[in-house]
Amino acid sequence: MKVLATPPPSDFDVYIARADTQYVEREREPLEELYAQGYLPYSGSKHLQGIFYSARSARVVLPEFSLTSENRRIAKKFDGQFTKRRVPIAEFVADEAFYAFMLEYFKERHGGAAMPRERLELIIQSGLVSNCLIYQTPEKVVGYVLEIESGPMRHYWYSAYDLSLAKQSLGLWLMLDCIRDAQTAGLAHYYLGTVYGPKALYKTNFEPLEWHDGTAWSRDLSLLKEKSRSEE
C-alpha cells in the first residue's frame, strides 16, 4: 500500500474527518491484509478507487462467537420470518426498485446528502462488493446488505431495511444473521465498520468484539464505550 500525502477529496457527506486519519492506496496486497491493519474502504470521492482510511474498525472473532442473551432475544423475534438470497455481485441486477429502497432508507435514516444515487452507484461498481443479500417476505423486500469478502473475512459494508421494523431491531438482526452465516462458512473475522459515537455502540452486542485502537486490536469494551460516548 502507498500512504497518501494529502487526504483525498470528499464529494459526499460520508463521515467527520479526524486529524489522525491516514489514507492509503491499495496496491497488490489482499483486502484482508488492509482490514487487519485497521483500514476500511473510502467511498467519499467520485473519481478514486482503491483508497482506504485508518479507522476505529470493529470485528467479531468468529471462531469464538456465541450468542449473548440480547442476540437470542433478537433471533427469536426474526428468525424464520424472511427468505434470504445471497447474490454474487456479478449476477446482481441493481434495478430501480433497489435504488429507490436504498436511497429512501439513507434519506430517512442519515439525510439525503449521505448517500446520493451517484455515490451508491460508485459503491456498487467499486469492485469491492462481493455479494448482495436480499431479505424479503412474500409481499416485499425488507432489507439489503452489501458485503465484501476476501480470504478469511467478510465486511458488512452497507445495509438498508424497512424502517417500519427499525424499533423492533431489524437492523441488529440483519447484522447478527450475517455474522452467523460467516461463522458457519468457517471464516475468521466479520468486520462491522466503525465505532464512533454512542449510536454505534449497538455493535458491542456481539461477542467477542475487537476494535482497532490505531496500533493494535483491543477487546477493552469499557474503553471503547468511554471513547464513543464522549463523541456525542
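Computed from a predicted structure; not experimentally measured. Each chain has its residues counted from 1, running along the sequence as written. For a predicted model such as this one, the threshold for reporting local features is a pLDDT of at least 70, and the threshold for listing and counting side-chain atom pairs is 80 or more; totals across whole chains, interfaces and linings nevertheless cover every residue. Heavy atoms from the whole structure form the basis of all side-chain values; hydrogens and water molecules are not counted.

Mind showing me how you'd approach the overall build of the protein here?
Only DSSP runs of H or I covering at least 4 residues are called helices, and only runs of E covering at least 2 are called strands; the numbering of each starts at the N terminus. Summing up its helical and strand segments, the protein has six helices and 12 strands in all. Restricting the calculation to C-alpha atoms gives the radius of gyration, and the globule rule supplies 2.2 Å times the number of residues raised to the power 0.38. For 232 residues, the compact-globule estimate of 2.2 N^0.38 gives 17 Å, and the C-alpha radius of gyration of the protein, at 17 Å, lies within 12% of that figure. When its C-alpha atoms are laid out on the principal axes, the protein stretches across 50 × 40 × 35 Å. Counting the 232 residues in the protein, one finds 49% classified as buried. Residue exposure (1.4 Å probe, protein chains only): buried if accessible area is under 20% of the type maximum, exposed if over 50%, otherwise partly exposed.

Explain helix α5 (residues 170–184) to me, please; I cannot follow it from the model alone.
Because an α-helix completes one turn every 3.6 residues, residues spaced three or four positions apart along the sequence face the same direction. The end-to-end C-alpha distance of α5 is 21 Å, a good match for the 21 Å that 15 residues give at a rise of 1.5 Å each. Of all 15 residues that make up α5, 13 are buried, and the element is covered over most of its length. One or two steps after α5, the chain reaches G186, where phi turns positive at roughly 80°. Multiplying 1.5 Å by the residue count of a helix minus one yields the expected span of that helix.

What am I meant to see in the pattern of salt bridges here?
Between side chains of opposite charge, a pair can form when the charged atoms approach closely. What counts as a salt bridge is simple: a side-chain nitrogen of Lys or Arg found within 4 Å of a carboxyl oxygen of Asp or Glu. Across all of its chains, the model carries 17 salt bridges by this definition. Between D177 and R180 there is a salt bridge whose closest N-O contact spans 3.2 Å. Taken as a pair, D177 and R180 lie in helix α5 at a separation of three residues, close to a single helical turn. There is no split in this pair, since D177 and R180 are both buried.

Would you mind showing me how to read the environment of V60 here?
Inspection of the secondary structure assignment puts V60 in strand β5 (residues 57–61). With relative accessibility at 0%, the residue V60 sits in the buried group. A sequence separation of 149 residues divides V60 from L209, and the C-alpha atoms of the two residues are 4.7 Å apart. Apart from residues lying up to four places away in sequence, V60 is in contact with F65, I179, A188, H189, Y190, L192, F206, P208 and L209. Pairs of residues are marked as contacts when any of their non-hydrogen atoms sit within 4.5 Å.

Just to check I follow, could you spell out the sheet that holds strand β3 (residues 39–41) for this structure?
In any sheet, the strands associate via hydrogen bonds between backbone groups, in a parallel or an antiparallel arrangement. Pairing is antiparallel in the open sheet, where four strands are placed in the order β1-β2-β4-β3. Where the open sheet ends on each side, the last strands, each with one partner, are β1 (2–3) and β3. Two strands form a pair only when DSSP identifies at least two bridges running between them. In the sheet, β1 pairs with strand β2 (residues 23–25) via two bridges, with the strands oriented antiparallel. Residue pairing across strands places K2 opposite E25, the latter belonging to β2.

I would appreciate a short explanation of the packing of aromatic side chains in the present structure.
Working definition: an aromatic ring pair is given by the centre-to-centre distance plus the angle between the planes. To pair, rings of Phe, Tyr and Trp, with the six-membered ring standing in for Trp, must have centres within 6.5 Å; the planes then decide the type, stacked if under 30 degrees apart, edge-to-face if over 60, and tilted in the middle. Using the criterion set out here, one finds 15 aromatic pairs in the structure. Each ring, one from F78 and one from F82, has its centre 6.0 Å from the other, and the planes form 25°; the classification is stacked. Of the two residues, F78 and F82, both sit in the buried class. Seen in terms of ring centroids, F92 and F98 are 5.0 Å apart; in terms of plane orientation they differ by 80°. Their pairing is edge-to-face. Under the relative-accessibility criterion, F92 is labelled buried at 14%. The ring of W217 carries the charged tip of R59 above its face, separated from the ring centre by 3.9 Å. Charge-over-ring contacts are defined here by two conditions on Lys NZ or Arg CZ: a distance within 6 Å of the ring centre and an angle within 35 degrees of the ring normal. One Lys or Arg, R117, reaches over the ring of Y99 and ends 4.1 Å from the middle of that ring.

Just checking my understanding: could you explain the side chain of E210 for this structure?
Take E210: it is sitting in strand β11 (residues 209–212). On the basis of relative accessibility, which here comes to 11%, the residue E210 falls in the buried class. Polar contact is defined as a pair of N or O atoms within 3.5 Å, subject to the rule that within protein one atom must be able to donate a hydrogen and the other to accept it, and that residues adjacent in sequence are counted only when both atoms are side-chain atoms. At 2.8 Å, the side chain of E210 and the side chain of R59 are in polar contact. E210 has contacts with S57, A58, R59, V61, H189, W217, S218 and R219, leaving out every residue within four places of it along the chain.

It is not clear to me how the environment of E91 should be interpreted in this structure. Could you clarify?
By the secondary structure assignment, E91 is in the loop between β6 (83–88) and α3 (96–110). Separated by 107 residues in the primary sequence, E91 and P198 have C-alpha atoms spaced 37 Å apart.

In this structure, what is going on with the nonpolar core? I would like to understand it.
Side chains of nonpolar character tend, in soluble globular proteins, to be buried together. We define the nonpolar core as a collection of buried residues of types Ala, Val, Leu, Ile, Met, Phe, Trp, Tyr and Cys that are connected through side-chain atoms lying within 4.5 Å of one another. Among the nonpolar cores identified, the biggest contains 71 residues, and V60, Y135, W173, I179, Y190 and F206 are the most heavily contacted of them. Considering each element in turn, this core owes the most residues, nine residues, to α5. In this structure, Y135 is in contact with F82, T83, K84, V141, V142, G143, V145, W173, L174, D177 and C178, ignoring residues within four places of it in sequence.

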